[in-house]
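# Architecture at a glance
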Amino acid sequence: SDVCSSDLCKLFEHILSVIRPGLAEFEIAAELEHQARRMGAEAMSFETIVASGLRSALPHGKASSAPLPRRGFLTLDFGVILKGYCSDMTRTVYLGKPKTNERDTYQTVLEAQETAVAAVGSGVSCGEVDEAARSVLRKAGLAEAFTHSTGHGVGLEIHEAPRIGAGQTTKLLPGMVITIEPGVYLAGQFGIRIEDMVAVTRNGGQMLTPAPKALIEL
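Described below are features of the structure shown in this document. (Residues numbered from 1 in each chain as written. Predicted model: local features only at pLDDT ≥ 70, side-chain atom pairs only at ≥ 80, totals over all residues. Heavy atoms only, no water.)

The secondary structure content of the chain amounts to four helices and 13 strands. In terms of C-alpha radius of gyration, the chain reaches 16 Å, essentially the compact-globule figure of 17 Å for 218 residues. Here the chain holds 218 residues, and the buried ones make up 57% of them. Counting contacts in the chain only where the partners sit at least 6 residues apart, residues at least 24 apart contribute 66% of the total. Accessible surface, the chain: about 9,400 Å² in total, of which carbon and sulfur atoms supply 53%. Positive and negative charge centroids in the chain, built from 21 and 25 side chains respectively, lie 3 Å apart. (Helix = DSSP H or I, 4+ residues; strand = E, 2+ residues; numbered from the N terminus. Rg over C-alpha atoms; globule rule 2.2 N^0.38 Å. Buried < 20%, exposed > 50% of the residue type's maximum accessible area, 1.4 Å probe, protein only. Contact = heavy atoms within 4.5 Å. Areas by Shrake-Rupley, 256 points an atom, 1.4 Å probe, with all protein chains shown as cover. Lys, Arg positive; Asp, Glu negative; His and termini not counted. Charge placed at Lys NZ, Arg CZ, Asp CG, Glu CD.)

Put into structure tokens, the structure is as follows:
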């Protein structure tokens, strides 16, 4: 999985150099997938999500013919299959200069994501990790805008047990690989999701997707 993770980071770096206003979302997805193949991926783990501008408010906005805006968020959710194992990462970047509320909302999602990553550990229940993310968003009045669970297991399938969701009593065990991916989706405005893969170890969680998470402005 280490190979996987560093590959996703390299893919992300590559796609940052390609992104510019006016390109269609599907062109970004195609370039990402082409580069993944060049780097040795057997396939993508799932259909690449490229959702920009108003479409970033769709939690699973498959890449469309919509052109990237001059100004707005762009969510990239992608993963590759290597040696039979799936990987999964999401980063949200900004085209142009974000408004104060956009920047603040991004910081809140990032704090929720990092708080949940820090909560990962052997013996911790999946519900506790979900609550770590949700409580940060609740304090900011954004809990309603977080419409899915915090994460899921990843392995030979892209979605495996356990589910990192509200009230889930399953305990995390060393060797599990899970995603931590809180998001905020404001219909008619924008959406933000940040996702990492984390391996559960005896003494916490090991980050498998160490690509930058501070807001990138392009």
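What follows is about the side chain of Thr48. With respect to the secondary-structure elements, Thr48 resides in the loop between strand S1 (43-44) and strand S2 (49-52). In this structure the side chain of Thr48 is engaged in a polar contact, spanning 2.6 Å, whose partner is the side chain of Glu33. In this structure Thr48 touches Ala29, Leu32, Glu33, Lys62, Ala63, Asp77 and Phe78, once residues within four positions along its chain are discounted. (Polar contact = N/O pair within 3.5 Å; in protein donor to acceptor, adjacent residues only side chain to side chain.)

At their nearest, the axes of helix H3 (residues 100-119) and helix H4 (residues 126-139) sit 8 Å apart, and the two run at 155 degrees to each other. With respect to their mutual orientation, H3 and H4 come out roughly antiparallel. H4 is crossed by H3, and the crossing has right-handed handedness. Residues Thr108, Val109, Glu111, Ala112, Thr115, Ala116 and Ala119 of H3 pack against Val129, Ala132, Ala133, Val136 and Leu137 of H4. The residue inventory of the contact of H3 with H4, partitioned by class, reads nine nonpolar, two polar and one charged. (Axes fitted to C-alpha atoms, helices over the stretch in contact; angles between N-to-C directions. Parallel < 35°, antiparallel > 145°, perpendicular 65-115°, else oblique. Left-handed = near helix turned anticlockwise from the far one by under 90°. Nonpolar A, V, L, I, M, F, W, Y, C, P; charged D, E, K, R; others polar.)

For the rest of this paragraph, the subject is the sheet that holds strand S5 (residues 85-86). Strand order across the open sheet formed by three strands is S1-S4-S5, with antiparallel pairing between neighbours. The open sheet has two edge strands, S1 and S5, and neither has a second partner. Pairing analysis gives two bridges linking strand S4 (residues 80-82) to S5, with the strands arranged antiparallel. Pairing of Leu82 across the sheet is with Tyr85, part of S5. (Pairing = 2+ DSSP bridges.)

Summed over all chains, the structure comprises nine salt bridges. Where Arg91 meets Asp196, a salt bridge forms, and the shortest distance between an N and an O atom there is 2.8 Å. Highlighted residues: Arg91 in strand S6 (residues 89-95) and Asp196 in strand S12 (residues 196-201), separated in sequence by 105 residues. A relative accessible area of 0% means that Asp196 is categorised as buried. One salt bridge connects Lys213 with Asp196, and the closest N-O pair in it is separated by 2.7 Å. With Lys213 in the segment after strand S13 (204-207) and Asp196 in strand S12, the pair connects residues that are 17 residues apart, well separated along the chain. Both residues of the pair, Lys213 and Asp196, belong to the buried class. (Salt bridge = Lys/Arg side-chain N within 4 Å of Asp/Glu carboxyl O.)

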